[in-house]
Amino acid sequence: MGKPNILIDTAGMDNDRWLECRMHGPLGDIPYTVGGSDVAAIFGVSPWTTPLELWLIKKGRIKPPEKSNANQLQMGHLLEPIAAYWYGQKSGNAVTEDTNLYQHADHPYALANFDRRFTRASDGKPGILECKSCTYHKAGDWADDAIPLYYELQLRFYLAVADVDIGAFSAVWGNNPDNDLAMPEITRDRAKEDIIFERLEEWIWSLENDRPPTMQDVKPKLALESLARIYGSSQKGLPTVEFPGKYEKSIRKIAMLQEEQAAKKAEIKKLEKEMEAHSVRIAEAMKAHEHGVLTTTSDRLLIDFVTRKTRRPDSKALKEKYPSVYDEVLKTSESRKVKVKIESV
């Protein structure tokens, strides 16, 4: 291992140029690159991107999808210096900015920008700091110094590129740094690092030899969302796909589950009708009251009959009274769902 190469200082660089540098290096002479945020996707553990989608982006066959949470991403960027500040305050370590784009000494495809660097106060050792932010419902992912796997892979990749032995996170999710901040640390692990770079070498080979990855081991919901982004809307007039026998098990399983789902929906509707029938007498007795109780020798039965109000636009009235406004605010959504129908031959 050796010290990384400094390719370019990205300070003041516009986003398009930064993306160019990240994709092929500042001179455009690196055919395929891997950045820290790519590693989790390559391992199939990213919550946002599948290996196939990333592969197609790296090959230039599709464009990166537009981010639906652009404001949230911008907020995360704005919170970086806050996370860095509180890490420095609470750890006592000296935090510094580093705007260089680095290249791994032995793996030229491996490029990295670091959020911050730090120097550990206790022994002067250098480290890499990653600044993260999340919502309250994701705060549990950082409980007891836990680190989400997709972020751990990113930081271990950075330690390898930077050739340093310690890394840390500063993750914020609220406005109280005493309670809403996690600062877990990791130490460089050469065995894990070897596993990471073995997978990355395979990934680069797949790009060079035009061997796209499959959706195997990707979470089904993410895989379907990704396929929808990759292939877009269904197209009328295309020929019927003839499936080989290896797909029979999955196709029959879908058909069976569809039948089971339909049966359960019918059972739910039946139960709802029975509940409505029994509810009539109770509603008559409740009149305008919201709560009732029936006390027995063993328990108390508590009854609620509360009016819940919801406010939502009346789309029919909006269309009739303000047709131009209706057209402006009308949102088109698309979905595709696999359905199976079995026909006798």
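Everything in this summary refers to the structure shown in the same document. Just so you know, these numbers come straight off a predicted model, no measurement behind them.

**Notes on the packing of helix α5 (residues 149-162) against helix α6 (residues 190-208)**
And step 1. The geometry of α5 relative to α6 is characterised by a closest axis approach of 10 Å and an angle of 95 degrees between their N-to-C directions. In terms of orientation, α5 and α6 fall into the roughly perpendicular class. Side by side, α5 and α6 meet where Glu152, Leu153, Arg156, Phe157 and Ala160 of the first sit next to Lys192, Glu193, Ile196, Phe197 and Leu200 of the second.
And step 2. The class makeup of the residues in the contact of α5 with α6 is six nonpolar, no polar and four charged.

**Comments concerning the sheet that holds strand β1 (residues 5-9)**
And step 1. The strand order β1-β3-β4 describes an open sheet built from three strands, whose pairing is antiparallel. In the strand order of this sheet, the two ends are held by β1 and β4 (111-112), each with one partner.
And step 2. Bridge count between β1 and strand β3 (residues 100-103): four bridges; the pairing is antiparallel. Each bridged residue has a counterpart across the sheet, and for Ile8 the counterpart in β3 is Leu101.

**Looking at the environment of Phe243**
And step 1. Here Phe243 shows up in the loop between α7 (220-231) and α8 (248-286).
And step 2. Each C-alpha atom of the pair Phe243 and Ile268 lies 35 Å from the other, and the pair is 25 residues apart in sequence.

**Observations concerning the pairing of strand β5 (residues 116-119)**
And step 1. By the bridge criterion, three bridges tie strand β2 (residues 94-96) to β5 in an arrangement that is antiparallel. Paired with Thr96 across the two strands is Arg117, which belongs to β5.
And step 2. As paired elements, β5 and strand β6 (residues 126-133) share four bridges and run antiparallel to each other. Residue pairing for β6: Thr119 is matched across the bridge by Pro126.
And step 3. Here β5 folds back onto β6, and the loop between the two strands holds six residues, one of which, Gly124, carries a positive phi near 75 degrees.

**Some remarks on the environment of Ser91**
And step 1. By secondary structure assignment, the location of Ser91 is in helix α4 (residues 70-91).
And step 2. It is 8.5 Å that separates the C-alpha atoms of Ser91 and Met183, two residues lying 92 residues apart in sequence.
And step 3. In terms of polar contacts, Ser91 uses its side chain to reach the backbone amide nitrogen of Asn93, at 3.1 Å.

**Here's the deal with a nonpolar patch on the surface**
And step 1. Where nonpolar side chains cluster on the molecular surface, the patch consists of Val241, Phe243, Tyr247 and Ile251 and spans about 380 Å² of accessible area.
And step 2. Classification of Val241 by relative accessible area gives exposed; the value is 57%.

**Quick look at the nonpolar core**
And step 1. The biggest cluster of nonpolar side chains holds 47 residues, and the ones touching the most others in it are Val34, Trp142 and Phe157.
And step 2. Looking at this core element by element, the count peaks at 10 residues for α5.
And step 3. Leaving out residues up to four positions away in the same chain, Phe157 has contacts with Val34, Gly35, Gly36, Val39, Ala110, Leu111, Ala112, Phe197 and Leu200.

**What about the pattern of salt bridges?**
And step 1. Applying the stated criterion to the full structure yields 20 salt bridges.
And step 2. The salt bridge partner of Asp38 is Lys58, with a shortest N-O separation of 2.9 Å. Of the two residues, Asp38 is situated in helix α2 (residues 36-42) and Lys58 in helix α3 (residues 51-58); the sequence distance between them amounts to 20 residues. When sorted by exposure, Asp38 lands in the same class as Lys58, which is buried.
And step 3. Several salt bridges share partner residues, and in doing so they unite Lys3, Asp163, Asp165, Arg188, Arg190 and Glu193 into one network.

Cut-offs applied
Residues numbered from 1 in each chain as written. Predicted model: local features only at pLDDT ≥ 70, side-chain atom pairs only at ≥ 80, totals over all residues. Heavy atoms only, no water. Axes fitted to C-alpha atoms, helices over the stretch in contact; angles between N-to-C directions. Helix = DSSP H or I, 4+ residues; strand = E, 2+ residues; numbered from the N terminus. Parallel < 35°, antiparallel > 145°, perpendicular 65-115°, else oblique. Contact = heavy atoms within 4.5 Å. Nonpolar A, V, L, I, M, F, W, Y, C, P; charged D, E, K, R; others polar. Pairing = 2+ DSSP bridges. Polar contact = N/O pair within 3.5 Å; in protein donor to acceptor, adjacent residues only side chain to side chain. Patch = residues over 30% accessible without salt bridge, like charges linked within 9 Å, V, L, I, M, F, W, Y side chains within 5 Å. Areas by Shrake-Rupley, 256 points an atom, 1.4 Å probe, with all protein chains shown as cover. Salt bridge = Lys/Arg side-chain N within 4 Å of Asp/Glu carboxyl O. Buried < 20%, exposed > 50% of the residue type's maximum accessible area, 1.4 Å probe, protein only. Core = buried A, V, L, I, M, F, W, Y, C linked by side-chain atoms within 4.5 Å.

No statement about biological role is implied by the geometric values presented.
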